[in-house]
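# Fold and contact review
Chain by chain, the residues run as shown.
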Amino acid sequence: MKASFIFILFAFLMIAFWGCHPETTLYRFDDNKRISIFKLNETSLTAVKKYLSNFSNKAIQDTIIIKYDYNNETCWNTLDNIKTEEEMKAKVLYIQTSYETLLSTRPGVSFFNFREPGENINKITKYNTSIIIDKDLELYKFFFKEKCRCGNSILILPDGRYIFTRSDSHTNALYYSAEQIKQLLHTKRG
(Lines give C-alpha, C1' and ligand atoms only; values in the text may rest on other atoms or scores of the structure.)
Protein backbone atom coordinates (compact mmCIF):
# COMPACT_ATOMS: atom_id res chain seq x y z
CA MET A 1 0.00 0.00 0.00
CA LYS A 2 2.81 2.40 0.87
CA ALA A 3 4.46 1.91 -2.56
CA SER A 4 1.20 2.58 -4.42
CA PHE A 5 0.61 5.72 -2.34
CA ILE A 6 4.10 6.99 -3.18
CA PHE A 7 3.54 6.19 -6.87
CA ILE A 8 0.20 8.04 -6.91
CA LEU A 9 1.73 10.99 -5.07
CA PHE A 10 4.66 11.06 -7.49
CA ALA A 11 2.32 10.88 -10.52
CA PHE A 12 0.15 13.68 -9.09
CA LEU A 13 3.18 15.91 -8.48
CA MET A 14 4.50 15.28 -11.99
CA ILE A 15 1.13 16.16 -13.54
CA ALA A 16 0.89 19.30 -11.39
CA PHE A 17 4.45 20.31 -12.25
CA TRP A 18 4.09 19.79 -16.00
CA GLY A 19 0.59 21.28 -16.01
CA CYS A 20 1.81 24.49 -14.38
CA HIS A 21 5.08 24.79 -16.26
CA PRO A 22 4.83 26.80 -19.49
CA GLU A 23 5.75 24.54 -22.37
CA THR A 24 8.17 25.67 -25.02
CA THR A 25 8.79 23.84 -28.23
CA LEU A 26 12.23 23.08 -29.55
CA TYR A 27 12.17 23.14 -33.32
CA ARG A 28 14.82 21.04 -34.99
CA PHE A 29 16.89 22.55 -37.76
CA ASP A 30 15.08 20.47 -40.40
CA ASP A 31 11.56 21.04 -39.04
CA ASN A 32 9.31 22.46 -41.75
CA LYS A 33 7.44 24.61 -39.18
CA ARG A 34 10.64 26.23 -37.89
CA ILE A 35 10.61 29.10 -40.42
CA SER A 36 7.61 31.18 -41.47
CA ILE A 37 7.16 34.29 -43.60
CA PHE A 38 4.90 37.18 -42.58
CA LYS A 39 4.40 40.76 -43.75
CA LEU A 40 4.07 44.02 -41.84
CA ASN A 41 1.98 46.80 -43.29
CA GLU A 42 3.71 50.15 -43.80
CA THR A 43 2.31 51.64 -40.58
CA SER A 44 3.52 48.67 -38.49
CA LEU A 45 6.94 48.70 -40.16
CA THR A 46 7.33 52.41 -39.39
CA ALA A 47 6.24 51.83 -35.77
CA VAL A 48 8.74 48.99 -35.32
CA LYS A 49 11.59 51.11 -36.71
CA LYS A 50 10.61 54.01 -34.47
CA TYR A 51 10.48 51.74 -31.41
CA LEU A 52 13.88 50.21 -32.19
CA SER A 53 15.43 53.66 -32.68
CA ASN A 54 15.03 54.09 -28.89
CA PHE A 55 17.71 51.41 -28.45
CA SER A 56 20.25 52.49 -31.04
CA ASN A 57 22.55 55.44 -31.47
CA LYS A 58 22.67 54.72 -35.22
CA ALA A 59 20.04 55.12 -37.91
CA ILE A 60 17.87 52.04 -38.32
CA GLN A 61 18.83 50.29 -41.55
CA ASP A 62 16.49 48.92 -44.20
CA THR A 63 17.02 45.35 -43.01
CA ILE A 64 16.51 44.54 -39.33
CA ILE A 65 17.37 41.41 -37.39
CA ILE A 66 15.98 40.86 -33.90
CA LYS A 67 17.01 37.94 -31.70
CA TYR A 68 14.65 37.33 -28.78
CA ASP A 69 15.31 35.09 -25.77
CA TYR A 70 12.96 34.12 -22.97
CA ASN A 71 13.00 33.92 -19.19
CA ASN A 72 13.20 30.36 -17.80
CA GLU A 73 15.27 29.33 -20.81
CA THR A 74 17.27 26.10 -20.62
CA CYS A 75 18.97 26.18 -24.02
CA TRP A 76 22.37 27.23 -22.73
CA ASN A 77 22.34 25.51 -19.33
CA THR A 78 25.55 23.62 -20.11
CA LEU A 79 27.45 26.91 -20.30
CA ASP A 80 26.36 27.64 -16.73
CA ASN A 81 29.02 25.09 -15.77
CA ILE A 82 31.77 27.51 -16.72
CA LYS A 83 33.64 27.84 -13.46
CA THR A 84 34.80 31.45 -13.22
CA GLU A 85 33.28 34.82 -13.94
CA GLU A 86 36.32 35.65 -16.11
CA GLU A 87 35.73 32.58 -18.31
CA MET A 88 32.06 33.51 -18.72
CA LYS A 89 32.92 37.10 -19.62
CA ALA A 90 35.45 35.81 -22.16
CA LYS A 91 32.77 33.59 -23.76
CA VAL A 92 30.32 36.50 -23.91
CA LEU A 93 33.00 38.76 -25.42
CA TYR A 94 33.74 36.11 -28.03
CA ILE A 95 30.04 35.97 -29.01
CA GLN A 96 29.72 39.76 -29.12
CA THR A 97 32.89 40.09 -31.21
CA SER A 98 31.67 37.40 -33.61
CA TYR A 99 28.41 39.30 -34.13
CA GLU A 100 30.24 42.61 -34.60
CA THR A 101 32.63 41.09 -37.12
CA LEU A 102 29.79 39.58 -39.10
CA LEU A 103 27.73 42.77 -38.97
CA SER A 104 30.70 44.82 -40.21
CA THR A 105 30.35 42.93 -43.51
CA ARG A 106 26.64 43.84 -43.66
CA PRO A 107 26.38 47.61 -43.35
CA GLY A 108 22.70 47.65 -44.38
CA VAL A 109 21.58 45.58 -41.36
CA SER A 110 20.50 46.75 -37.92
CA PHE A 111 20.81 44.02 -35.29
CA PHE A 112 19.11 43.89 -31.89
CA ASN A 113 19.33 41.27 -29.18
CA PHE A 114 16.36 41.36 -26.77
CA ARG A 115 15.12 39.17 -23.98
CA GLU A 116 12.00 38.77 -21.93
CA PRO A 117 12.18 40.32 -18.44
CA GLY A 118 12.91 38.00 -15.54
CA GLU A 119 15.72 36.71 -13.40
CA ASN A 120 15.70 33.02 -14.36
CA ILE A 121 18.24 33.33 -17.16
CA ASN A 122 21.39 31.51 -18.13
CA LYS A 123 24.75 33.01 -17.23
CA ILE A 124 25.58 33.51 -20.91
CA THR A 125 22.56 35.83 -21.11
CA LYS A 126 23.10 37.40 -17.69
CA TYR A 127 26.67 38.42 -18.45
CA ASN A 128 25.86 39.78 -21.91
CA THR A 129 25.15 43.43 -21.20
CA SER A 130 24.39 44.11 -24.88
CA ILE A 131 21.10 42.20 -24.56
CA ILE A 132 18.21 44.61 -24.17
CA ILE A 133 15.43 43.74 -21.73
CA ASP A 134 11.99 44.09 -23.33
CA LYS A 135 10.67 45.74 -20.13
CA ASP A 136 7.17 46.52 -21.37
CA LEU A 137 7.03 43.34 -23.51
CA GLU A 138 6.41 45.45 -26.62
CA LEU A 139 8.33 43.14 -28.95
CA TYR A 140 7.03 40.07 -27.15
CA LYS A 141 3.44 41.16 -27.77
CA PHE A 142 4.07 42.19 -31.36
CA PHE A 143 6.29 39.36 -32.64
CA PHE A 144 7.45 36.87 -30.02
CA LYS A 145 4.42 35.49 -28.12
CA GLU A 146 5.21 31.99 -29.38
CA LYS A 147 7.86 30.94 -26.91
CA CYS A 148 10.31 28.47 -28.36
CA ARG A 149 13.24 26.87 -26.65
CA CYS A 150 16.51 28.65 -27.56
CA GLY A 151 14.67 31.84 -28.53
CA ASN A 152 13.34 33.12 -31.83
CA SER A 153 14.52 35.64 -34.38
CA ILE A 154 13.12 37.72 -37.17
CA LEU A 155 14.73 39.23 -40.22
CA ILE A 156 12.65 42.20 -41.43
CA LEU A 157 13.16 43.21 -45.05
CA PRO A 158 12.69 46.74 -46.44
CA ASP A 159 9.26 45.87 -47.92
CA GLY A 160 7.92 44.68 -44.53
CA ARG A 161 8.15 40.95 -45.19
CA TYR A 162 9.88 39.13 -42.39
CA ILE A 163 11.35 35.72 -41.82
CA PHE A 164 10.43 34.29 -38.42
CA THR A 165 12.87 31.62 -37.24
CA ARG A 166 11.83 29.54 -34.24
CA SER A 167 14.37 27.96 -31.86
CA ASP A 168 17.14 30.11 -33.32
CA SER A 169 19.89 29.45 -30.78
CA HIS A 170 22.71 30.67 -33.01
CA THR A 171 20.90 33.63 -34.59
CA ASN A 172 20.89 32.05 -38.03
CA ALA A 173 19.18 35.14 -39.44
CA LEU A 174 22.60 36.84 -39.31
CA TYR A 175 24.03 34.24 -41.66
CA TYR A 176 21.33 34.06 -44.35
CA SER A 177 22.72 34.92 -47.77
CA ALA A 178 20.66 36.90 -50.29
CA GLU A 179 20.04 33.66 -52.17
CA GLN A 180 18.85 31.86 -49.01
CA ILE A 181 16.50 34.74 -48.19
CA LYS A 182 15.09 34.67 -51.72
CA GLN A 183 14.57 30.91 -51.49
CA LEU A 184 12.89 31.16 -48.06
CA LEU A 185 10.54 33.88 -49.28
CA HIS A 186 9.58 31.70 -52.22
CA THR A 187 9.00 28.43 -50.34
CA LYS A 188 7.71 29.35 -46.86
CA ARG A 189 4.39 30.79 -45.74
CA GLY A 190 3.10 32.06 -42.38
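Analysis parameters
- Residues numbered from 1 in each chain as written.
- Predicted model: local features only at pLDDT ≥ 70, side-chain atom pairs only at ≥ 80, totals over all residues.
- Heavy atoms only, no water.
- Helix = DSSP H or I, 4+ residues; strand = E, 2+ residues; numbered from the N terminus.
- Buried < 20%, exposed > 50% of the residue type's maximum accessible area, 1.4 Å probe, protein only.
- Polar contact = N/O pair within 3.5 Å; in protein donor to acceptor, adjacent residues only side chain to side chain.
- Disulfide = S-S within 2.5 Å.
- Pairing = 2+ DSSP bridges.
- Expected span 1.5 Å × (residues − 1).
- Contact = heavy atoms within 4.5 Å.
- Axes fitted to C-alpha atoms, helices over the stretch in contact; angles between N-to-C directions.

### Some words on the environment of S53
If you trace the backbone, S53 turns up in helix α2 (residues 42-53). Given the relative accessible area of 34%, S53 is considered partly exposed. For S53, the side chain forms a polar contact with the main-chain oxygen of K50, separated by 2.5 Å.

### Quick word on the state of the cysteines
Applying the stated rule across the entire model yields one disulfide. At a sulfur-sulfur separation of 2.0 Å, the disulfide partner of C75 is C150. Looking along the S-S bond of the C75-C150 disulfide, the torsion reads about 95°, which is the right-handed sense. Remark: C150 occurs in the loop between α5 (138-142) and β5 (152-156) and C75 occurs in the loop between β2 (63-69) and α3 (85-104); sequence separation between them is 75 residues. Classification of C150 by relative accessible area gives buried; the value is 7%. This cysteine, C148, is not joined by any disulfide, and C150 carries the nearest cysteine sulfur, 9.6 Å off.

### Here we look at the pairing of β5
Counting buried residues along β5, five of its five residues qualify, which places the element largely inside the surrounding structure. Neither face of β5 is open: one carries N152, I154 and I156, the other S153 and L155, and all of them are buried. As defined by bridge partners, β2 adjoins β5 across five bridges and the pair is classed as antiparallel. Residue pairing across strands places I64 opposite I156, the latter belonging to β5. One ladder, built from four bridges, connects β5 with strand β6 (residues 161-165); its direction is antiparallel.

### Regarding α2
Under the 1.5 Å per step criterion, the end-to-end length of α2 is 17 Å for twelve residues, consistent within 8% with the ideal 16 Å. The elements touched by buried residues of α2 are β2, β3 (109-115), α5 and β5.

### Remarks on the sheet that holds β3
To summarise the sheet geometry, strands pair through backbone hydrogen bonds and adopt either a parallel or an antiparallel arrangement. The six strands lie next to each other as β1-β6-β5-β2-β3-β4, forming an open sheet whose pairing is mixed. The sheet terminates laterally at β1 (35-39) and β4 (132-133), the two strands that pair on one side only. Looking at chain direction, β3 and β4 are connected through two bridges and run parallel. From the neighbouring strand, R115 faces β4, where its bridge partner is I133. Contacts from α2 reach β2, β3 and β5, with the element oriented near 70° to β2.

Remember, this is a structural readout, not a statement about activity or role.
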